[in-house]
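# Examination of the molecular architecture
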Amino acid sequence: MDYDVAVIGGGPAGYVAAIKAAQLGGRAVLFEKDVIGGTCLNRGCIPTKTYVKAAEYLHHIENAKTFGISVDVGSATVDMPRLVAFKDTVVKKLTGGVASLLKSNGVDVVKGEAKLEDENTISSGGKKWTAKNVILCGGSVAGRIPVSGIDHPKVLTSDEILSAREIPRRLAVIGGGVIGCEIATAFKAFGSEVTVVEALPKLVGTMDGEISDSILKTFRKNGIKVLLNARLESVSDKNGSPVLSVGGEGDIESDAVLLSVGRSADITCLGSMSAKIATERGKVIADDHMRTNVKGVFTAGDAVAGAPMLAHAAFKMGEIAASNAMGRDEKTSLKNVPACLYTIPEASSVGLAEEEARARYDISVGKFPMAANGRTLASGEREGFVKVIIEKKYGEILGVHMVGESAAEMISEAAALMDMEITAHEAADIIHPHPTFSEAFMEACADALGRCVHLPAKK
Ligand code: NAD
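What comes next concerns the included structure. The residue count restarts for each chain, going from 1 along the sequence in the order it is written. Totals for whole chains, interfaces and linings use every residue, but because this is a predicted model, local features are given only for residues with pLDDT of at least 70 and side-chain atom pairs only at 80 or more, for both listing and counting. For side-chain calculations, the full set of non-hydrogen atoms in the structure is used, while hydrogens and water are omitted.

### Regarding the site of the ligand
Our working rule: Nearness of a residue to a molecule or strand requires only that one of the residue's heavy atoms be within 4 Å of it. Here a polar contact means two N or O atoms within 3.5 Å. Within protein one must be a hydrogen donor candidate and the other an acceptor candidate, and residues neighboring in sequence count only if both atoms are side-chain atoms. Every helix listed is a DSSP run of H or I at least four residues long, and every strand listed is a run of E at least two residues long, numbered separately from the N terminus. Side-chain classes are defined by residue name, with Ala, Val, Leu, Ile, Met, Phe, Trp, Tyr, Cys and Pro counting as nonpolar, Asp, Glu, Lys and Arg as charged, and the others, Gly among them, as polar.
Taken together, 22 residues sit near the ligand, with Ile 179, Glu 182, Glu 198, Gly 262 and Cys 340 positioned nearest. Within the contact set of the ligand, a nitrogen atom lies 2.8 Å away from a side-chain nitrogen or oxygen of Glu 182. One of the backbone N or O atoms of Ala 199 is found 3.2 Å from a nitrogen atom in the ligand. Counting residues per element, the shell around the ligand draws most heavily on helix H6 (residues 178–190), which supplies three residues. Each residue belonging to the shell around the ligand can be placed in one class, and the counts come to 14 nonpolar, four polar and four charged.

Next comes the structure, spelled out in structure tokens:
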């Protein structure tokens, strides 16, 4: 065999798997058809965060008057080519960093599209390599829907809109999920008139209902038009611009459309093994060791059935797959994977949503509004809350949901405590620095136990 471990796909699952295999003493090779770093670094998490940061600057400029700072708000505009150039610099730095990590660990990188020939053979560009174990990390691509006119040139996916050099005057977003909400936030701040078309009765349907309600309220307050229970029926063209026909809502004319209706797994790397490797609705089935049904073939990342399509979940799956490919016996649990939404303000979640928790347990819910948090008020903000859902008898923390400044940073504490099975009684006793946003988590734990000092007494 040429290698101990061959990894197909160099996104967050794949590059971590290759490095881990090398760290464990394996000879590792990584195949990547595009730029190392996958969707997260090149077309997803990182690029969007540069856009949302720009939107935050604009938000702060608008709020500056609250602090007695005089700025000409009207003159604050975004130079899109410069923002795209900045985003590209950040992406290049990070993808270059990953390439050097691979090099420093002695991982061989092959540029080209790779496919499985059999469980030990990978082919790419007419050449073949053999490996004792293979880890499939093909990732995902933007999903499409079979609607007439959807191939209009101005219907873009997140891949394309993150390189657009112009700000559309009118942007329509199909799908009010995570991608749709983050991009709607950014482009609204940049000056677009934004309309979000969502088929479900709520935005970010994967998150707790109160987060969805809060994001909806903020969007509407900021002038983002949101159509719920709205299904796209067709796309037509009017003088080169796309027009959406939406059931019950009529026509929506726009200058650009973002299609953000979910992502589909890319399992083309299964190649000749596609009939042998078990899949479920286009995704690879894996056990808690990240093993597929074929011995020596592992998988990790967005292409794994039932796993969240999140880079941090992919990192963990990649590590576990590589450890097991190198002969260890490690399990992964994706029970407490936090999810973050980078809107303004941010939102984050870990564990069960209130609706799910209520159906399964006898629960108590604690909630602390950010409008009662000193650091939030001192920052000129007041939006958001921290909600903690606990199981009544022992105080086990079942779910934590947040909206507010730095919510994406704050969720790690909740995830860590839940992983360590710390109860709400213990969490409410942890001394948190004051004034911080994170105090709100401790206060919400105390509220779930009926002993929050910084909320009015409940009758
Ligand atoms: P999503 O599943 O979050 O949202 C897609 C939305 O589109 C859903 O609300 C769905 O109801 C709606 N939809 C589907 N068909 C529709 C139609 N015909 N008309 C109107 N609405 C329709 O998917 P996404 O936002 O595309 O994101 C894809 C993946 O990427 C997600 O799994 C997400 O976790 C991940 N992601 C994560 C982050 C983050 O962690 N901050 C950011 C971006 C993407």
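### Points about the packing of helix H3 (residues 45–63) against H6
Between two packed helices, both the angle of their axes relative to each other and the distance between the axes serve to describe the pair. As a reminder of what qualifies: Comment: axis = line fitted to C-alpha atoms, over the contacting stretch for helices; angle = value between 0 and 180 degrees taken between N-to-C directions. Angles are sorted into four bins: roughly parallel if under 35 degrees, roughly antiparallel if over 145, roughly perpendicular if 65 to 115, and oblique for all others. Less than a right angle of anticlockwise turn of the near helix away from the far helix marks a crossing as left-handed, whereas a clockwise turn marks it as right-handed. By definition, residues are in contact when any of their heavy atoms lie within 4.5 Å.
Contact geometry of H3 with H6 gives a least axis separation of 9 Å together with a crossing angle of 40°. On the basis of the axis angle, H3 is oblique to H6. Between H3 and H6 the crossing geometry is left-handed. Packed against H3, whose contacting residues are Thr 48, Lys 49, Tyr 51, Val 52, Ala 54, Ala 55 and Leu 58, the element H6 presents Glu 182, Ile 183, Thr 185, Ala 186, Phe 187, Ala 189 and Phe 190 at the interface. Taken together, the residues of the contact of H3 with H6 break down into ten nonpolar, two polar and two charged.

### Regarding the pattern of salt bridges
We count it as follows: The term salt bridge refers to a pairing of a side-chain nitrogen on Lys or Arg with a carboxyl oxygen on Asp or Glu at a separation within 4 Å. Residue exposure (1.4 Å probe, protein chains only): buried if accessible area is under 20% of the type maximum, exposed if over 50%, otherwise partly exposed.
Taken as a whole and judged by the stated rule, the model has 26 salt bridges. The residue Asp 4 makes a salt bridge to Arg 27 at a minimum N-O spacing of 3.5 Å. Highlighted residues: Asp 4 in strand S1 (residues 3–8) and Arg 27 in the loop between helix H1 (12–23) and strand S2 (28–32), separated in sequence by 23 residues. Residue Asp 4 is classed as buried on the basis of its relative accessible area of 12%.

### Some details on the packing of H3 against helix H4 (residues 80–104)
Contact geometry for H3 and H4: axes closest at 9 Å, N-to-C directions at 140°. Taken together, H3 and H4 sit at an angle that is classed as oblique. Note on packing geometry: the crossing formed by H3 with H4 is right-handed. Residues Ile 46, Pro 47, Thr 50, Tyr 51 and Ala 54 of H3 form the contact with H4, whose own contacting residues are Met 80, Leu 83, Val 84, Phe 86, Lys 87, Val 90, Val 91 and Leu 94. Broken down by class, the residue content of the contact of H3 with H4 amounts to eleven nonpolar, one polar and one charged.

Don't take any of this as a statement about function, it's just geometry.
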